[in-house]
Amino acid sequence: MPATLRFTGETKDLTLDELAQFVEDARKAGVPADNPVRAELSTSQKIKEIQVAVNVDRS
């Protein structure tokens with residue numbers, strides 16, 4: 001199972017700054033740009049959690 005990079009909002013919902021930090025950290029970790037991102041949404045359709053797989057075996 002690949003490791004994942006996971007972010008949650010400091011409060012209930014993720015902010016734009018937190019989302020930008022997630023993208024920056026994923027790029028620094030070498031996550032390929034075509035890796036799918038998984039998001040968990042609140043009932044009001046705001047992002048509560050976001051994650052992406054790191055070190056995916058593509059062979």
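K.L.:
Break down the sheet that holds strand E1 (residues 3–8) for me, citing the residues and quoting the values.
P.N.:
Spatially, E1-E3-E2 is the arrangement adopted by the three strands of the open sheet, whose pairing is antiparallel. Two strands close off the open sheet at either side, each with one partner strand: E1 and strand E2 (37–41). Each neighbouring strand pair of the sheet contributes to a mean axis angle of 20°, computed without reference to strand direction. The pairing of E1 with strand E3 (residues 47–54) spans six bridges and is antiparallel. Note on E3: the bridge partner recorded for Phe-7 is Ile-50. Across the face of the sheet, helix H1 (residues 16–28) comes into contact with E1, E2 and E3 while running at roughly 165° to E1.

K.L.:
So, the environment of Val-52: which residues are in play, and what are the values?
P.N.:
Within the fold, Val-52 resides in strand E3. Residues Val-52 and Leu-5, spaced 47 residues apart in sequence, show a C-alpha to C-alpha distance of 5.4 Å. If we skip the residues at most four places from it in the chain, Val-52 touches Ala-3, Thr-4, Leu-5, Phe-22, Ala-26, Val-31, Asn-35, Pro-36 and Val-37.

Rules used in this analysis
- Residues numbered from 1 in each chain as written.
- Predicted model: local features only at pLDDT ≥ 70, side-chain atom pairs only at ≥ 80, totals over all residues.
- Heavy atoms only, no water.
- Pairing = 2+ DSSP bridges.
- Helix = DSSP H or I, 4+ residues; strand = E, 2+ residues; numbered from the N terminus.
- Axes fitted to C-alpha atoms, helices over the stretch in contact; angles between N-to-C directions.
- Contact = heavy atoms within 4.5 Å.

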